[in-house]
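Listed below, chain by chain, are the residues.
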Amino acid sequence: MLLLADVKSAPGYELIVERSHGWLKVRWRELWDYRDLLLLLVQRDFISRYKQTLLGPLWFLLQPVLTTAVFAIVFGRFAGLPTDGIPGPLFYLCGLLAWNYFSQNITTGGATFVNNAHLFNKVYFPRILVPVSIVVANLVSFALQLVPFVLFAAFYFLSGKQGAAVLSWAVLLLPLPLLQIAALSLGVSLWMAASTAKYRDLVHLTAYLTQIWMFATPIIYPLSKVSAAWRWVVWANPMSVPVEAFRLCLLGRGTLAPPEVALSLGLTAALLISGIAVFQRVERTVVDSA
Amino acid sequence: MKPIVEVQNLSKLYHLGATGLTSVRESLESVFGRKKPAPRPAGRMPIPDDRTGPEPNTFWALRDVSFSVQAGAVVGIVGRNGAGKSTLLKILSRITEPTSGRAILRGRVVSLLEVGTGFHPELSGRENIFLNGAILGMRRAEIAAKFDEIVDFSEVGAFIDTPVKRYSSGMFVRLAFAVAAHLDPEILLIDEVLAVGDAGFQKKCLGKMGEVATQQGRTVFFVSHNMGAVRALCEHAVLIEGGRLTRTGPPGEVISQYLAGSMSKVGEQDGAIAWEDLALAPQCPEVALRGLRLLDPTGRPSSTFEADKPVTIEITYEVLQRLRGARFTLLLLTQEGELAFAATDHLFQNELQPPGRYRTSCHIPGGLLNRRNYQVSVQCDIPGERYLLPAAEYLTFLVSGAGNQSSNFPEPWPGVVCPKLDWKVEAVGK
């Protein structure tokens, strides 16, 4: 017991509490010291989420299947939107895998200060751990949502239908677009969290924003079908590339041009870095206005 | 040896009103000049001159506070509500940043501003111990090493794997305190957390805190209104008044000054305070407080009352704008800040009050109050809607007398009140 305490009280340990200046000052050392808290927050997020639902983890499996069914009927059957020659359900499921992970991250991460006002008012820890833990915790539901996709893909593969899943080594590259989505959603979460802390009515806006953003992302339509006049929307949207990359990795179909990829990665990096800066700016005194 | 905590000219400026949680619309309106930023929100106490900040709507919660503390000391922080004690703890625990000045902490800090911060109802006791410990800054391995001790201390036993939402409130508090008490920081900041839990457990907590300080050499900062606990636990005390540090020293001396300060208001006139000048009165756009009197049975203001005689508390106020559904609430507090009771005139109020002067009086019957000092706090609100005048202590009085509570023996009697109750003593055979 004393041993543990002695390890901590290293001589010369000194913490100076004063007004901080500058925009980008990440205390890496401190984040590392709090690494256990990150894992425990991930555990808390996951346990609390499935304990409060009727179907438990099953819900995560069911949700994309139901949405896919709706998309297949509304956009595939009624509206007749093409799916790049990929069977409709597979096409939608693949896009939703990427999108659900992204939207879950920004919905909860964007409300970091609003949802944790009480906690932040009573105890200090690096605030950024909360949005980061959300991004990590949602990886678990992402993994669960892979299950229905794999089942559908296996079904189409075994039934040998036209345009069915092509399993290739590209699957192993999936972590790359996933990592980009994680970084991008963290950046967006940090921006949203910082702005909703000051302007609480923006919380309502984020729901709309997420919805509109989905339609601006090639989830229900393939990138190849976007006309030249609307191409700028795809370029301006950093989510387009990782979603298309998902389809490229999992289904072997998709179109990606290097300049688009570079721009998307650049926007992601810019959002993440600026997000960290504004988040830190707000976290210093956010409790004063609560 | 260098002091473990050094506080140098620490100041904190707060912005009031419009700068808090605003909406985008309000910001845009003020940017485009359609609307001036909202005036100071209704119901805030006027800011005393010496605490007004450099800009409009700002005030100094803490001003130029400096002190240093050697390792192993237990320091009590005392002061009235709103004096700046909690702000000081929040800065030391890094919840918010100071506006200027700095604090040097030469050891790891754990702040305990509330019991059970971050507990999640769906998680089991076991899971919450780890989560709570980590939130308070402990590593997983440290918590694991202390786990059995924590469970023993909390007395939750077999319920350790049950979700804490099924715990009784007593079990919850015990577990939460147990986690905090077993952490091993060099500096422990505690704010009023002992106000929870049953008496037996409180005693155990106080004992544990004493042990932490004396045997393990931790430095403890303890904010409390409980002067008894401050006296018993602390070797040093600091008094914060109006955002400034006004006294440091042995707890006995500091507590005397604190009590003298909070009692000095009676000096306005024995048992009465009046605001002749409306500009100085506590007010909001709708209503202003004009006077407060404590009356004895003959109708004379007084600040000393007999225990078996009634006390009438009379509030005079002025309605400035037509008021609907407002009520006044009287909060009677002991000298230590413990609430004895709260009473309201809501059922006796008129639903609608046109502008003008009004008087509301509360009659406290004889044989109810204990023999001790009380503080009179008054607030005005529209229930379920908003506060007009927040609770603030304006007057104090002393209840004395040879005996009450059906006893003639003049001993100090425990309890915030001491109602005279009927007893029946009879022989019921052999």
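Residues numbered from 1 in each chain as written. Chains lettered and ligands numbered in written order. Predicted model: local features only at pLDDT ≥ 70, side-chain atom pairs only at ≥ 80, totals over all residues.

**Student:** How should the overall build of chain A be read in this particular structure?
**Tutor:** Of regular secondary structure, chain A possesses 13 helices and one strand. With the principal axes as the frame, chain A shows a C-alpha extent of 70 × 45 × 35 Å. (Helix = DSSP H or I, 4+ residues; strand = E, 2+ residues; numbered from the N terminus.)

**Student:** Is there a simple way to explain the overall build of chain B in this structure?
**Tutor:** Scanning chain B for helices and strands turns up eight helices and 20 strands. In chain B, the proportion of contacts linking residues at least 24 apart, taken out of those at least 6 apart, comes to 70%. (Contact = placed C-beta atoms within 7 Å.)

**Student:** How do you make sense of the interface of chain B and chain A when you look at a structure like this?
**Tutor:** Often, the extent of an interface is quoted as the loss of accessible area on bringing the components together. Facing 44 residues of chain B, the contacting portion of chain A comprises 36 residues. Of all the elements in the fold, those that place two or more residues in the side of chain B that touches chain A are helix H2 (85-92), strand E4 (100-105), helix H3 (125-135) and helix H4 (140-154) of chain B. Looking at the side of chain B that touches chain A element by element, the count peaks at five residues for E4(B). For the side of chain B that touches chain A, the class distribution of residues is 18 nonpolar, 14 polar and 12 charged. Pairing analysis gives four bridges linking strand E1 (residues 15-18) of chain A to E4(B), with the strands arranged antiparallel. Each bridged residue has a counterpart across the sheet, and for A:Leu15 the counterpart in E4(B) is B:Leu105. (Nonpolar A, V, L, I, M, F, W, Y, C, P; charged D, E, K, R; others polar. Pairing = 2+ DSSP bridges.)

**Student:** In this structure, what is going on with the pairing of strand E20 (residues 386-400) of chain B? I would like to understand it.
**Tutor:** Remember that side chains alternate between the two faces of the sheet whenever the strand is regular. All names here are of chain B. Examined bridge by bridge, strand E12 (residues 304-306) and E20 share three bridges and lie parallel to one another. Looking at E20, one finds that Phe-305 is bridged to Val-399. Here nine bridges tie strand E19 (residues 373-382) to E20, and the two strands are oriented antiparallel to one another. Bridged to Cys-380 within E20 is Leu-389. Linking two consecutive strands that pair antiparallel, namely E19 and E20, is a turn of three residues; a positive phi of about 75 degrees is found at Gly-384 within it.

**Student:** I would appreciate a short explanation of the packing of H3(B) against helix H5 (residues 169-181) of chain B in the present structure.
**Tutor:** Pairs of packed helices are described in terms of their axes, by the angle between the two and the distance that separates them. Residue and element names in this part refer to chain B. Taken N-terminus to C-terminus, the directions of H3 and H5 make an angle of 40 degrees; their axes are 10 Å apart at the nearest point. Put simply, H3 runs oblique to H5. Between H3 and H5 lies a crossing whose hand is right-handed. Two secondary-structure elements touch here, H3 through Gly-125, Ile-129, Asn-132 and Gly-133 and H5 through Leu-175, Ala-176 and Val-179. Looking at side-chain class alone, the contact of H3 with H5 contains four nonpolar, three polar and no charged residues. (Axes fitted to C-alpha atoms, helices over the stretch in contact; angles between N-to-C directions. Parallel < 35°, antiparallel > 145°, perpendicular 65-115°, else oblique. Left-handed = near helix turned anticlockwise from the far one by under 90°.)

**Student:** When you look at the domain arrangement of chain B in this model, what are you seeing that I'm missing?
**Tutor:** The domain boundaries assigned to chain B delineate domain 1 (5-15 + 45-262) and domain 2 (269-400). Taking only C-alpha atoms, the centre of domain 1 of chain B and the centre of domain 2 of chain B are 32 Å apart. (Domains from an automatic or database assignment.)

**Student:** Please clarify how unusual backbone geometry should be interpreted in this entry.
**Tutor:** Negative phi values dominate among residues other than glycine, just as trans dominates among peptide bonds. Residue and element names in this part refer to chain B. One non-glycine residue with positive phi stands out, namely Asn-9, at about 50 degrees. As for its position among the elements, Asn-9 is in strand E1 (residues 5-15). Taking the number of C-beta atoms within 10 Å as the measure of exposure, Asn-9 has 12 and is therefore exposed. In this structure, Asp-64 is a non-glycine residue whose phi angle is positive, near 50 degrees. (Buried ≥ 20, exposed ≤ 12 C-beta atoms within 10 Å, placed from the backbone.)

**Student:** Can you help me understand the sheet that holds strand E13 (residues 311-319) of chain B in this one?
**Tutor:** All names here are of chain B. Taken in spatial order, the four strands of this open sheet run E10-E11-E13-E18, and their pairing is antiparallel. Strands at the two margins of the open sheet, each flanked by one partner only, are strand E10 (272-274) and strand E18 (356-364). When strand polarity is set aside, the average angle formed by the axes of neighbouring strands in this sheet is 20 degrees. Alignment of strand E11 (residues 287-295) against E13, held across eight bridges, turns out to be antiparallel. Its bridge partner lying in E13, Leu-292 is registered against Ile-315.

**Student:** Is there a simple way to explain the environment of A:Arg127 in this structure?
**Tutor:** Residues and elements named next belong to chain A. Following the sequence through the fold, Arg-127 ends up in the loop between helix H7 (117-122) and helix H8 (129-159). Of the residues examined, Arg-127 has 21 C-beta atoms within 10 Å and is grouped as buried. Each C-alpha atom, one on Arg-127 and one on Glu-283, is 7.0 Å from the other, the two residues being 156 residues apart in sequence. Once residues lying within four places of it in the same chain are set aside, the contact partners of Arg-127 are Phe-120 and Glu-283.

**Student:** Explain the confidence of the model for chain B here, please?
**Tutor:** A low pLDDT means the predicted coordinates there should not be read in detail. Residues and elements named next belong to chain B. Residues with a pLDDT of 70 or more make up 83% of chain B, whose mean pLDDT is 81. Low pLDDT, under 50, characterises residues 34-45; the stretch is placed with 27 contacts to residues that sit more than four places away or in other chains. Throughout residues 263-267 the model reports pLDDT below 50, and contacts reaching past four residues in sequence, or to other chains, amount to eight contacts. Scored as a complex, the prediction yields pTM 0.72 and ipTM 0.82. (pLDDT = per-residue confidence, 0-100.)

**Student:** Sorry, what's going on with the packing of helix H4 (residues 58-78) of chain A against H8(A) here?
**Tutor:** Residue and element names in this part refer to chain A. Where H4 meets H8, the axes come as close as 8 Å, and the angle between the chain directions of the two elements is 55 degrees. Comparing the axis directions of H4 and H8 gives the class oblique. Every pair of crossing elements has a handedness; the one defined by H4 and H8 is right-handed. Contacts between H4 and H8 involve Phe-60, Leu-61, Pro-64 and Val-65 on the former and, on the latter, Ser-141, Leu-144, Gln-145, Val-147 and Pro-148. In terms of residue class, the contact of H4 with H8 is made up of seven nonpolar, two polar and no charged.

**Student:** When you look at the confidence of the model for chain A in this model, what are you seeing that I'm missing?
**Tutor:** For chain A, mean pLDDT is 84; residues scoring 70 or higher make up 92% of the total. Of all helices and strands in chain A, the one with the weakest mean pLDDT is helix H1 (residues 2-8) of chain A (34), whereas helix H9 (residues 175-198) of chain A scores best (94).

**Student:** Help me understand the sheet that holds E1(B), please; the structure alone is not making it clear to me.
**Tutor:** Hydrogen bonding along the main chain pairs the strands of a sheet, whether they run parallel or antiparallel. As summarised here, the arrangement of the four strands in space is E1(A)-E4(B)-E1(B)-E2(B), forming an open sheet in which the pairing is antiparallel. Sheet topology places E1 of chain A together with strand E2 (58-69) of chain B at the edges, where each strand pairs with a single neighbour. Within the sheet, the average angular offset between the axes of one strand and its neighbour, ignoring direction, is 20 degrees. Note that E1(B) and E2(B) share eight bridges and pair antiparallel. In the sheet register, B:His15 faces E2(B), and the bridge partner there is B:Thr58. Sheet strands in contact with H2(B) are E1 of chain A together with E1, E2 and E4 of chain B, and its direction is about 65 degrees off that of E2(B).

**Student:** Explain the environment of A:Ala98 to me, please; I cannot follow it from the model alone.
**Tutor:** Residue and element names in this part refer to chain A. As for its placement among the helices and strands, Ala-98 is situated in helix H5 (residues 88-109). Under the C-beta neighbour-count criterion, Ala-98 is labelled buried, with 26 such atoms within 10 Å. Separated by 120 residues in sequence, Ala-98 and Pro-218 place their C-alpha atoms 11 Å apart.

**Student:** Hey, could you run me through H5(B) in this one?
**Tutor:** Turn by turn, an α-helix covers 3.6 residues, leaving residues three or four places apart pointing in a common direction. Residue and element names in this part refer to chain B. For H5, spanning 13 residues, the distance from its first C-alpha to its last is 18 Å, which sits close to the expected 18 Å at 1.5 Å a residue. Here H5 lies mainly inside the structure; 10 of its 13 residues are buried. Those residues of H5 lying buried are Phe-172, Val-173, Arg-174, Leu-175, Ala-176, Phe-177, Ala-178, Val-179, Ala-180 and Ala-181. (Expected span 1.5 Å × (residues − 1).)

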